[in-house]
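Breakdown of the fold
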Amino acid sequence: MRYPQTLRRWLSLATLALPLAAAAFPDKPIEWVVPYPAGGGSDVVARILSLPMSRALGQPIIINNKPGAATNIGADYVAKAKADGYVMLTGDTATMAANPSLYSKLSYNVEKDFATVGLMARFPMILVVNPSVPAKTLPEFLAWAKKQASGVNYATPGAGSPHHLATELFREVSGLKLVHVAYRGAAPAVQDVIGGQVPFMFVDTASGYQHIQSGRLIPIGVASPKRIASFNTLPTLAEQGLKGFEAYAWQGLVVPAATPPDAVAMLSKALMAALESTEVKARFQTLGLEAIPSTPAQMGAYAKSERDKWAKVIRASNIRMD
């Protein structure tokens, strides 16, 4: 049967439109922005989770490292990206909790520009020392540090990093005289503690695990409320006298604020399944990481509580990044 030309044109356009109308999220690769260099703890977590998430979603997940400016470059990129579910960001302690207090002006607003997908991992902080420091427990470390008339230097991956904030909180609680030595990243900071140029630091488990295992760093205590599986014989700092002391580097997944709720729900479901998988749990344990699956709402509440907590430390320590 032949149709009139006008009807044929309409049927042709309708046929072309069918795939678009029927397309379900996701129908193309997803970009995962990591606001840190490749090879670091944040990059490793994203790459571990991206594989099972990709299988669950049926689309490739492409890691895009956009480091710089204490995560602000990557955060700004995602905040301004198209809100369709195809661009995600590792939103961590820096982006979601510390930066709003560290910077007087940011090109993004964490509460208005991002929708939370879910928490991913927590990096417990461990107080570590160079083997030359005559201490293996917190009381021994405090006694040694108090004898250093000019104070004690400590290393961090950078000003305003979770490691820096954790040590400033430690300084407040312990009353020690401490001098900050900032590095460009965790690797050089750890290497200088191993080399003895700086006597101690708070190291996250991902960056310090192998060095603690090898004996090049001596662990004093973990800054978590309970002992961690990868170092189950290491007491917490709270057990050793610093009651209530907790400090973590944590990460979650966020997307641009206007991302459709259905897309957020699918990403959240895939993330939760990945975190609960045997393969991810095994990889996390070898890195000393804690999986912390959550709903989008739970991540939002957690991020707010962390912003409030670290805002107080930042004000008390007068830390500014601009």
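Quick note: structure is the one above.
Residues numbered from 1 in each chain as written. Predicted model: local features only at pLDDT ≥ 70, side-chain atom pairs only at ≥ 80, totals over all residues. Heavy atoms only, no water.

1. Points about the layout of surface pockets
Basically, it comes down to this: Only protein atoms enter the 1 Å grid, on which a cavity is a set of points fitting a 1.4 Å probe that cannot get out and a pocket is an open set with protein on both sides within 12 Å along at least 5 of 7 lines, lining residues being those with an atom within 4 Å of a point. Grid points are joined across faces, edges and corners, and a volume is the space filled by probe spheres set on the points. Secondary structure elements follow DSSP: runs of H or I of four or more residues count as helices, runs of E of two or more count as strands, with numbering from the N terminus.
Taken as a whole, the largest pocket holds about 960 Å³ of empty space. Surrounding the largest pocket, 43 residues form its lining, Tyr36, Pro37, Pro157, Gly185 and Ala186 being those nearest its centre. The set of elements that each furnish at least two residues to the lining of the largest pocket consists of α2 (41-57), α4 (93-102), α7 (162-174), α8 (186-195), α9 (205-214) and β9 (248-256). When residues in the lining of the largest pocket are grouped by element, the largest group, five residues, is from α8. Estimated volume of the second largest pocket: approximately 220 Å³.

2. Brief notes about the packing of α4 against helix α12 (residues 296-317)
Axes are the key here: two packed helices are described by the angle between their axes and the distance separating the axes. Which entries qualify depends on this criterion: A fitted line through C-alpha atoms serves as each axis, taken over the contacting stretch for helices, and the angle formed by two N-to-C directions is quoted from 0 to 180°. These descriptions rest on fixed angle ranges, namely under 35 degrees for roughly parallel, over 145 for roughly antiparallel, 65 to 115 for roughly perpendicular, and the rest for oblique. The sense of a crossing depends on the near helix, which, turned anticlockwise from the far helix by less than a right angle, makes the crossing left-handed and, turned clockwise, makes it right-handed. Note on contacts: a residue pair qualifies if any of its non-hydrogen atoms lie within 4.5 Å across the two residues. Put simply, Ala, Val, Leu, Ile, Met, Phe, Trp, Tyr, Cys and Pro go in the nonpolar bin, Asp, Glu, Lys and Arg in the charged bin, and everything else, Gly too, in the polar bin.
Where α4 meets α12, the axes come as close as 8 Å, and the angle between the chain directions of the two elements is 40 degrees. For the element pair α4 / α12, the angle class is oblique. α12 is crossed by α4, and the crossing has right-handed handedness. The segment α4 lies against α12, with Thr93, Met96, Ala97, Ala98, Pro100, Ser101 and Leu102 engaging Ala303, Glu306, Arg307, Trp310, Ala311 and Ile314. Counted by class, the contact of α4 with α12 contains nine nonpolar, two polar and two charged residues.

3. Remarks on the packing of aromatic side chains
Basically, it comes down to this: What counts as a ring pair is set by centres within 6.5 Å for rings of Phe, Tyr and Trp (its six-membered ring), and what kind of pair is set by the plane angle: stacked under 30 degrees, edge-to-face over 60, tilted for all other angles. We call a residue buried when its accessible area falls under 20% of the maximum for its residue type, exposed when it is over 50%, and partly exposed in between, using a 1.4 Å probe and counting protein chains only. Note on criteria: charge over ring means Lys NZ or Arg CZ within 6 Å of the ring centre, with the direction from the centre no more than 35 degrees off the ring normal.
Inspection of the entire model under this criterion finds 11 aromatic pairs. Taking 6.1 Å as the distance between ring centres and 40 degrees as the angle between the ring planes, the aromatic pair formed by Phe202 and Phe245 counts as tilted. One end of the pair, Phe202, is in strand β7 (residues 200-204); the other, Phe245, is in the loop between β8 (218-222) and β9, and 43 residues separate them in sequence. The class for Phe245 is buried, based on a relative accessible area of 4%. Cluster of aromatic residues (ring-pair linked, three or more members): Phe141, Trp144, Tyr154, Phe170, Phe200, Phe202 and Phe245. Directly above the ring of Tyr86 sits Lys28, whose terminal nitrogen or CZ lies 4.7 Å from the centroid.

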